[in-house]
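Chain and residue survey
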Amino acid sequence: MNDLFLKACKRADVERTPVWMMRQAGRYLPEYRAIRAKADFKTMCKTPELASEVTLQPVDLVGVDAAIIFSDILVIPDAMGVHFEMVESKGPTFANPIRTREQIHDLPIADPEKSLKYVMDALSMTKRALNRRVPLIGFSGSPWTLATYMIEGSGSKDFKYTKQMMLNDPEGLKELLDKLSKSVRLYLEAQLAAGADAVQIFDTWGGTLAPDYYRRFSLDYMFNIVSTMHRDGSPVIVFSKGANHSLREIAEIGADVVGVDWTIDMADARYKIGERVAIQGNMDPSFLYGSPSKIREEVKSILRKFGKGTGHVFNLGHGIFPDVPVDHAKEFVRAVKEESPAFH
Ligand code: CP3
């Protein structure tokens with residue numbers, strides 16, 4: 001198997017830097033859009049054959065060093081009875097957002113072997129289809145990020161309702177975050193058992209909190225998950241977008257890899273994190289709108305800033321945009337493969 005990704009997560013020696021892209025199974029690929037034209041987003045998530053097929057597309061077409069299972073972070077709220085619809089050009093929308101203590105009391109812990117069985121089926125099917133070509137990544141949203149969607153009822157700019165709850169009913173919010181933490185831990189464990197080789201926690205909205213609130217309402221819950229989950233050495237990646245103020249603290253929670261967005265210089269990230277854990281990132285995803293030569297130049301610059309040695313998983317600093325040219329994504333991956341051996 002091409003296990004460069006797993007080796008780099010563990011900071012073992014590699015001959016070149018592995019690379020994959022967040023949201024790599026998605027709309028920039030015409031082959032994804034062809035399947036999406038026939039099935040809505042949720043149906044794709046819940047049909048293992050379709051989820052598996054689009055998971056393999058970036059491996060076959062773009063040459064990434066890891067597959068990430070096609071799904072969504074919002075399958076956990078859905079499994080807890082808080083259902084969403086993916087509304088065209090608006091994003092996820094919940095009919096009944098969580099705003100009261102009573103609603104929180106009534107929420108069940110998600111049972112991954114029952115209400116999320118379709119994800120496990122997609123993982124085992126994909127694992128078989130990959131036939132050990134590259135490792136398979138499972139994932140979950142962080143408790144905080146999932147809570148923001150459940151409370152706001154959709155994407156948000158100000159996170160008003162979530163922050164109101166944090167200020168006016170912190171105990172209620174903590175009860176919700178506790179239930180989500182248990183659900184996330186069980187879900188990640190089940191994904192590893194079903195065939196995932198590593199898991200990533202996406203804390204997309206951790207960076208909307210002031211640093212001490214980030215630590216109390218997001219990082220602490222991820223620490224609980226990482227420190228209690230059964231994973232038999234499988235790597236865990238934690239990615240808190242916009243939380244570069246707390247990189248040292250994030251590196252201490254017991255994860256193997258810390259994901260960083262593009263608003264920190266890679267040299268600075270490595271300096272702050274040191275040799276404790278591996279680093280994933282961090283090209284600005286909008287750079288894929290640039291020319292192939294500009295993309296290669298930026299890849300080289302990030303490799304140089306990371307410096308010599310292992311412990312780097314190359315990625316974008318956030319998800320790939322749906323309208324970047326496929327050739328630019330290919331050039332990004334090729335550039336990492338061709339330019340990184342010089343650093344090992
Ligand atoms: O990385 C991968 O390729 C695996 C699949 C994946 C998806 N969503 C597929 C998807 C992953 C890892 C996610 C995670 C996810 N989902 C996050 C965290 C990561 C991040 O990007 O910050 C969040 C916040 C969500 C919630 C969500 N799902 C949003 C806000 C949207 C965007 C809506 C839009 O129209 O832009 C989605 C939809 C979604 N998830 C798509 C895909 C491929 C596009 C849906 C489509 O095909 O119409």
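Attention in this report is confined to the structure presented alongside it. Since the structure is predicted, the reported quantities are computational estimates derived from the model, not experimental observations.

Observations concerning the pattern of salt bridges
Taken as a whole, this structure holds 24 salt bridges when the rule is applied. Among the ionic pairs, K272 bridges to D268, the shortest N-O distance being 3.8 Å. Here the residue K272 and the residue D268 both occupy positions in helix α13 (residues 266–273), the gap between them amounting to four residues, near one helical turn. The exposure class of K272 is partly exposed, given its relative accessible area of 23%. Here D268 falls in the partly exposed class, since its relative accessible area comes to 31%. Each of R296, E331, R334, E338 and E339 takes part in one network of salt bridges that share partners.

Things to note about the site of the ligand
Inspection of the region around the ligand gives 23 residues, with R23, Y32, D72, T204 and H318 positioned closest. In the environment of the ligand, an oxygen atom lies 3.0 Å from a nitrogen or oxygen atom belonging to the backbone of Q24. Note that an oxygen atom of the ligand is positioned 2.8 Å from one of the backbone N or O atoms of A25. Looking at the shell around the ligand, the elements with two or more residues in it are α2 (30–36) and β3 (91–94).

Considerations on helix α9 (residues 160–168)
Among the residues of α9, T162, M165 and M166 are the ones counted as buried. Buried residues of α9 fall within an arc of 100° about the axis and therefore sit on the same side. Turned more than 90 degrees from where α9 packs its buried face, L167 and N168 sit exposed. In the core, the buried residues of α9 are packed alongside α6 (101–106), α8 (143–152), α10 (170–194) and α11 (211–228).

Considering the packing of aromatic side chains
The geometry of two aromatic rings is summed up by the distance between their centres and the angle between their planes. Enumeration according to the criterion identifies eight aromatic pairs in this entry. Aromatic pair F139 and F202: ring centres 5.5 Å apart, planes at 85°, arrangement edge-to-face. Taken together, the positions of F139 in strand β4 (residues 136–141) and F202 in strand β5 (residues 198–203) put the pair 63 residues apart, joining distant regions of the chain. Residue classification places F139 among the buried residues on the basis of a relative accessible area of 8%. On the basis of relative accessibility, which here comes to 12%, the residue F202 falls in the buried class. Ring centres of Y213 and F217 lie 6.4 Å apart, and the angle between their planes is 10°; on these two criteria the pair is classed as stacked. Taken together, the residues span about one helical turn, with Y213 and F217 both in helix α11 at a distance of four residues. In this structure F217 comes out as buried when scored by relative accessible area, which is 1%. One aromatic cluster in this structure is built from Y32, F41 and F70.

Comments concerning the packing of α8 against α10
As a packed pair, α8 and α10 sit with axes 9 Å apart at the nearest point and diverge in direction by 120°. Considering the angle they form, α8 stands oblique to α10. When you trace α8 past α10, the crossing you get is right-handed. Facing P143, W144, L146, A147, M150 and I151 of α8, the residues of α10 in contact are L173, L176, L177, L180, S181 and V184. Within the contact of α8 with α10, the residues separate by chemical class into eleven nonpolar, one polar and no charged.

A word on the sheet that holds strand β7 (residues 257–259)
Within the open sheet, the seven strands sit side by side as β1-β4-β5-β6-β7-β8-β9. Their pairing is parallel. This sheet does not close on itself; its edge strands, each paired only once, are β1 (67–68) and β9 (312–316). Examined bridge by bridge, strand β6 (residues 236–240) and β7 share three bridges and lie parallel to one another. Bridge pairing in β7 places F239 opposite G259. Packing of α13 onto the sheet brings it into contact with β7, β8 (278–283) and β9, and relative to β8 it is tilted by some 160°.

Some thoughts on the environment of A243
Counting through the fold element by element, A243 comes out in the loop between β6 and α12 (247–250). C-alpha of A243 to C-alpha of G206: the two residues are 37 residues apart in sequence and 6.5 Å apart in space. Excluding residues that lie within four positions of it along the chain, A243 makes contacts with G207, Y214 and I250.

Some words on helix α4 (residues 48–61)
Its 14 residues give α4 an end-to-end C-alpha distance of 20 Å, which sits within 8% of 20 Å, the value for a rise of 1.5 Å per residue. Taken residue by residue, α4 has P48, A51, S52, V54, T55, L56, Q57, P58 and V59 as its buried positions. One or two positions beyond α4, positive phi appears at G63, with a value near 85°.

Examining unusual backbone geometry
With an omega dihedral of -5°, the bond running from G281 to N282 counts as a cis peptide bond. Phi is positive for R11, which is not a glycine, with a value near 60°. With respect to the element layout, R11 can be found in the loop between α1 (4–9) and α2. Phi at S89 takes a positive value of approximately 60°, unusual for a residue other than glycine. Relative to the helices and strands, S89 is located in the loop between β2 (84–87) and β3.

Here is what the cut-offs are and how they apply
Per-chain numbering applies: the sequence of each chain, read as written, is numbered from 1 onward. Thresholds applied to this predicted model are a pLDDT of at least 70 for local features of residues and 80 or more for the giving and counting of side-chain atom pairs; totals over whole chains, interfaces and linings are not thresholded and use all residues. Excluded from the side-chain calculations are hydrogens and water; all other atoms, namely the structure's heavy atoms, are used. Criterion for a salt bridge: a side-chain nitrogen of Lys or Arg within 4 Å of a carboxyl oxygen of Asp or Glu. Think of it this way: any DSSP run of H or I at least four residues long counts as a helix, any run of E at least two long counts as a strand, and we number them from the N terminus. Buried means the residue's accessible area, taken with a 1.4 Å probe over protein chains only, is under 20% of the maximum for its type, while exposed means over 50%, and partly exposed covers the values in between. One heavy atom suffices: a residue is near a molecule or strand as soon as one of its heavy atoms comes within 4 Å of it. Pairs of N or O atoms within 3.5 Å make up the polar contacts considered here, provided that, within protein, one atom can donate a hydrogen while the other can accept it, and that residues adjacent in sequence are counted only when both atoms are side-chain atoms. For this quantity, the arc is that covered by the directions from the helix axis to the C-beta atoms. Contacts: residue pairs with any heavy atoms within 4.5 Å of one another. Pairing of aromatic side chains requires ring centres within 6.5 Å, counting the rings of Phe and Tyr and the six-membered ring of Trp. Pairs whose planes differ by under 30 degrees are stacked, by over 60 edge-to-face, and all others tilted. The axes are straight lines fitted to the C-alpha atoms, using for helices just the contacting stretch, and the angles between their N-to-C directions are given from 0 to 180°. Oblique is the label for any angle not covered by the other classes, which are roughly parallel (under 35 degrees), roughly antiparallel (over 145) and roughly perpendicular (65 to 115). Handedness of a crossing is defined here by the sense of rotation of the near helix relative to the far one, left-handed for an anticlockwise turn of less than a right angle and right-handed for a clockwise turn. Each residue receives one of three labels: charged for Asp, Glu, Lys and Arg, nonpolar for Ala, Val, Leu, Ile, Met, Phe, Trp, Tyr, Cys and Pro, and polar for the others, Gly being one of them. Between any two strands, pairing holds if DSSP finds at least two bridges. For a helix, the expected span equals 1.5 Å multiplied by the number of residues minus one.

Function cannot be inferred from these measures alone, as they are strictly geometric.
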